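# Analysis of the macromolecular model
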Amino acid sequence: MACSSSNTPLLGVHQLTFSRKAADISACVEAVVKDYEGRLESLLKTDSQLIGRQLFDATFGSLANADGHAALVSAELTVPALVSGDAEARAASSAAKKRLQNMWARAYMRPDLYARLAAAQDTAETPEEHRLTQVMLQKFRHAGAHLENAVVRGEVAELDAMCASLAFEIEQNINEDCSHVVLSEEELEGCAPEFIKSLPKAEGDANGRQCSVKAPVSLPIMRRAASGETRRKMQESSQRQCMDKNGPLLSELIQKRHEAACKMGFASHAERMLGSKMAGAVKTARGFCEDMLGRLAQLQDAELGRLTARKRIDLEQPQKRRRTEESSPELKSWDLAFYTDLLKREELSLDDEQLKEFFPLEGTIERLLAIYSELLGLAFVKTSSLPVWHEDVVTFEVRRGEDLVGHLYLDQFPRDGKFGHQMIIPLAPSFVDSSNGRRCIPACANISNLPRPQGDKPALLRFAEMRTLFHELGHAMHCLCTTTKFSLLSWAWPMVPWPGGVEQDFLELPSMALEKFASEPSLLRRVARHYSGKEGPEAPTLGEDTIESIQSLDKFMVGTSQSRYFAMALFDLLVHAQAPPYSFGAACSLSIEELHRRCLEEHARLQQLSGTHPCASWYHLVIGYDAGYYGYGWSDVYAADVFESMLQAEEGPLSAETGAKLRDEILGPCATRTGGDMLRAFLGREPTADAWCRRNGVPM
C-alpha cells in the first residue's frame, strides 16, 4: 500500500512526502484504498475456528493494523488540501480526503465485518484491548452496520456519503476564498501604521489597501479602526464570506444529516452524534449551554452597559464623533471588539500593540517548547531532515531520553489557499503493527496564520495569539505523548479522514488546562522577551503591573465573550436537533441564517447584521463539530478543575512531577480510557464546575 517506503524500524512521518503533484495524489489514493480493502477481505477469510489471542489478532488486531497503515499514508495525500500553493494539488488532495473518508465510512458500515468482530469481542485480554473492542463496535453501530434491514442500511450509507461530499465542498470553498475589502488609509485610521503599510495596495486605487477578511487582518481592523462604518463594512464582508456558494450547500447538508439520523431510529442528527460523547444526550448538552447562559446573564448585562457607556462618551466629543461617523448611542455588533479593546487598554493599561513587542514569534516558540520540555520530559530538536510542503515549515524531532517518540511541524504564516485559522492536525497516529511489532510514532503539525514580519520588526504575537499558540501546542503535546497500540485510540479529530481520538467534548480539555498557564506570572517571566534583544538594566521588561493586568484579562468581558460562544453552541445543537424549517421560541419556519440570528440576538443581546450568513464560512459545522461545538465549553469547565489542581500541587504547577502525572493520567492514555475515567484518576475525585466559576467570577 505505502506510496513511500523505508527500511527504518520505526514507522512515521519521516517516510512520507508532501510534494506530490495532482496526478500522483490521485493515483496513490487508489493504491491506499486497494490495500485497505484487501486487508478487510483477508480479515473476513480468517479461520472461524480460531480462539483467544489468535482470534483477537485476526479480527480486531487486523482491522487496527489496516486502520493504522492507511492513516499514516493518508497524511501525505490530504495535507496538501490545507497548505499547498498549487490549486490543482489542493483539488486533488481534497478529492483524496473525500475518497479516504468514504473508504472508512464504507468499512465501518459493513454488516459482515461488524458480525465477525462482535463474535470475537470477548477475546480481548488487556484493558486497552477491551477499550478497543468497545470503541470499534460503537463506530460500526454509529454507522448503522447493526441495522438488520439492508435497504435502510443502503439509504443511510448513501445519505452519509452525500453529507461527507457536501461538507468537503463547503470546507474547500472556505479554504479557497480570498474575500477582501478595499479600504483607504483614512478609513483605517486608528490601526497601527506598520499594520496599514503591510496591507497590499489595491489595484486601480492609489490610496486603497486590500484588507483580507481572514483573522490576522480583520481582527486588528475590528479592534482599532476608529470609523464605525469601516468596522461595519469589514464585519459585513466577513459574514457574507462564501454566502452564495455555501449557503445552499449548508442547508442541504443539515437536511440530509437529519434524514440519515431518522432512518437509523434517532430523533435527530444531534441525538446520533451525542451518543459517543461525554455528555451522552442532547438534553444534557443543551441544558449545559442554557445553564451557562443563565449564569452569565447578570455579568453580561453589566459589561454591555459599560461598553455602551464608553461609546456614548465618544459621541459626546465632536472630534471623535466625526471620526466614528456614528450618531446612534446604541452599541452595535461591529462596536463590540472596538470598545472591548478600548476599555481593556484604559482599564487594564494593556495595549496589544505594545505588549506584542515582548512576544517575537521565533523566540516565543522556543521558550514555550522549553517549558513543555521540562513539564513533560520531552526534548524538541530542530531538524531539516523531515519532508515538508513549504519553505516556511519548521520541523522538530521529539525525544524522551534517547528515544525518538514523535515529530512536530510548525507552519505559521498565511498563504493563499491555506487553511485560514489555527489548528493542530495529526500527521501520523500512534500504533503498533501486531503482525511484526513495528511502532508508528505520532506526529502533528501546527497550521497557523500568524502575522509575518512587518518592516524592520520580526513577527510579533499579540498576547491572545501567544495564548492560542500555547493552547495549540497543548494539543500537540497530547498527540506526541500518546503511546497507544491502536490508531483508533490515538490522538485525532475529524479534520483528518481516519477514525480515532478521545471523546470530542474531552478533546479540548488538556490544551485548555495548559493554556491557562499563559497568564501565570511564573510563565510570563520566562516567556516574555522584548524583540530588541537588549539585555541588562536597559532591557525593556514586563512590569508587575502589566503582569497583574494580564491576569485580570482572563476575566475581562467574560460575560459577553462566553455568552456569545454559548449562544453559538446552542444554535449548533438546535439546528441539528430538529427538521428544517426551524423554530426558536415562538418563531417558526426559520431558515438556518434566521435561526442563527435569533439565537445570537436572544443570548448575545446585540442586533445582528441583516443580509449576511455567518454560518456559510463557519468551519466547525463541516469539520466534525456538528452538534459538538458545545464541547469547547464543556472541556473548558473541567479544564479549569485540572488547572486548579495543578496550581495546588505540592511539587509546583509546572514541575516534572506534576507533568508526569498529567502525562500518565491524561495525555498518554488518549482514548484508551474514557474522559470521565481520566479526570477522576487525575483529580482523585469527581470533576466539578466550581473552579471554572471561581476563575471567571461567575456565581456558582
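Before any of the text, the structure's been laid out above.
Being a predicted model, the structure only gives us computed values, none of them experimental. (Residues numbered from 1 in each chain as written. Predicted model: local features only at pLDDT ≥ 70, side-chain atom pairs only at ≥ 80, totals over all residues. Heavy atoms only, no water.)

## Here's the deal with the overall build of the protein
Note the threshold: Numbering of helices and strands runs from the N terminus; a helix is a DSSP stretch of H or I covering at least four residues, while a strand is a stretch of E covering at least two. To get the radius of gyration, use the C-alpha atoms; to get the globule rule, take the number of residues to the power 0.38 and multiply by 2.2 Å. Accessible area is worked out with a 1.4 Å probe on protein chains only. A residue is then buried under 20% of its type maximum, exposed over 50%, and partly exposed in between. A contact between two residues is defined here by any heavy atoms of the two lying within 4.5 Å.
Within the protein, the secondary structure is distributed over 28 helices and eleven strands. Taking 2.2 N^0.38 as the reference for a compact globule, 700 residues should give roughly 27 Å; the C-alpha atoms of the protein span a radius of gyration of 25 Å, in line with that estimate. Dimensions of the protein, computed from the C-alpha atoms along their principal axes, are close to 90 × 65 × 55 Å. Within the span of the protein, comprising 700 residues, buried residues form 58% of the whole. Across the protein, the fraction of contacts at a sequence separation of at least 24, relative to all contacts at a separation of at least 6, is 74%.

## Looking at helix α27 (residues 675-683)
Applied cut-off: The arc refers to the directions leading from the helix axis to the C-beta atoms.
Those residues of α27 that sit buried are Gly675, Gly676, Met678, Leu679, Phe682 and Leu683. Take α27 and look down its axis: the buried residues cluster within an arc of 165°, on one side only. At its buried positions, α27 is contacted by α19 (504-507), α20 (509-515), α25 (631-647) and α26 (656-667).

## Thoughts on the environment of Thr383
Residue placement: Thr383 occurs in strand β3 (residues 379-383). With a relative accessible area of 17%, Thr383 lands in the buried category. It is 6.6 Å that separates the C-alpha atoms of Thr383 and Glu397, two residues lying 14 residues apart in sequence. Every residue in contact with Thr383, bar those within four places of it in the chain, is listed here: Thr395, Phe396 and Glu397.

## Examining the sheet that holds strand β6 (residues 423-428)
Filter applied, for reference: Paired strands, in this sense, are two strands between which DSSP finds at least two bridges. Note on geometry: axes are lines fitted to C-alpha atoms, helical ones only across the stretch in contact, with angles between N-to-C directions running from 0 to 180 degrees.
Taken in spatial order, the five strands line up as β3-β4-β5-β9-β6 in an open sheet, and their pairing is mixed. The strands lining the two open edges of the sheet, one partner per strand, are β3 and β6. Looking at each pair of strands side by side, their axes are set apart by 25° on average, direction ignored. For β6 and strand β9 (residues 443-447), the ladder comprises five bridges, and the chain directions are antiparallel. Looking at the pairing, Pro426 lines up with Cys444 of β9. Across the sheet, helix α18 (residues 463-481) is in contact with β3, β4 (394-400), β5 (403-411), β6 and β9; its angle to β9 comes to roughly 165°.

## Re helix α22 (residues 544-553)
For α22, every residue scored as buried is listed here: Ile547, Ser549, Ile550 and Leu553. Angularly, the buried residues of α22 cover 160° about the axis, an arc narrow enough to put them on a single face. In this structure, the buried residues of α22 make contact with α15 (336-348), α16 (352-355), α18 and α21 (521-527).

## Some thoughts on the nonpolar core
Counted only if it meets this: Buried residues of nine kinds, namely Ala, Val, Leu, Ile, Met, Phe, Trp, Tyr and Cys, make up a nonpolar core once their side-chain atoms join them within 4.5 Å.
Ranked by size, the top nonpolar core spans 204 residues in total, and within it Tyr36, Phe359, Phe380, Trp389, Leu408 and Tyr630 carry the most contacts. Ignoring any residue separated from it by four or fewer positions in sequence, one finds Phe380 in contact with Leu369, Tyr372, Ser373, Phe396, Glu397, Val398, Leu408, Met477 and Leu480. Judged by nonpolar contacts, the second largest core, of 17 residues, contains Val181, Ala192, Phe195 and Ile221.

## Concerning the packing of aromatic side chains
Spelled out, the test is: Paired rings are identified among Phe, Tyr and Trp, the last through its six-membered ring, by centres lying within 6.5 Å, and are further divided according to the angle between planes into stacked (under 30 degrees), edge-to-face (over 60) and tilted (the rest). In this analysis the charged atom, NZ for Lys or CZ for Arg, is taken to sit over a ring once it is within 6 Å of the ring centre and within 35 degrees of the ring normal.
Tallying each qualifying case throughout the model produces 23 aromatic pairs. Look at Phe338 and Tyr339: their rings are 4.9 Å apart centre to centre, the planes differ by 90°, and that puts the pair in the edge-to-face class. For Phe338, a relative accessible area of 8% puts it in the buried group. One aromatic cluster is present, built from ring pairs that chain together Phe288, Trp493, Tyr565, Phe566, Phe571, Trp618, Tyr625, Tyr629, Tyr630, Tyr632, Trp634 and Tyr638. Positioned over the ring face of Phe682 is Lys661, at 5.0 Å from the centre of the ring.

## Some words on the state of the cysteines
Applied cut-off: Two cysteine sulfur atoms make up a disulfide if the distance between them is within 2.5 Å.
Under the criterion given, the structure shown has zero disulfides. No disulfide involves Cys479; its sulfur sits 4.0 Å from that of Cys444, the nearest cysteine. For Cys479, a relative accessible area of 1% corresponds to the buried category. Unpaired in this structure, Cys588 has its nearest cysteine sulfur neighbour in Cys599, at a distance of 16 Å.

## Looking at the environment of Gly401
Mapped onto the elements of the fold, Gly401 is located in the loop between β4 and β5. Expressed as a C-alpha distance, the spacing of Gly401 and Leu378, which sit 23 residues apart in the sequence, is 7.5 Å.

## So, the pairing of strand β11 (residues 587-590)
Of the pairings in the sheet, the one linking strand β10 (residues 582-584) to β11 comprises two bridges and is antiparallel in character. The partner of Tyr582 across the bridge, within β11, is Leu590. Counting the residues between successive antiparallel strands, the hairpin from β10 to β11 contains two residues, one of them, Gly585, with a positive phi of roughly 65°.

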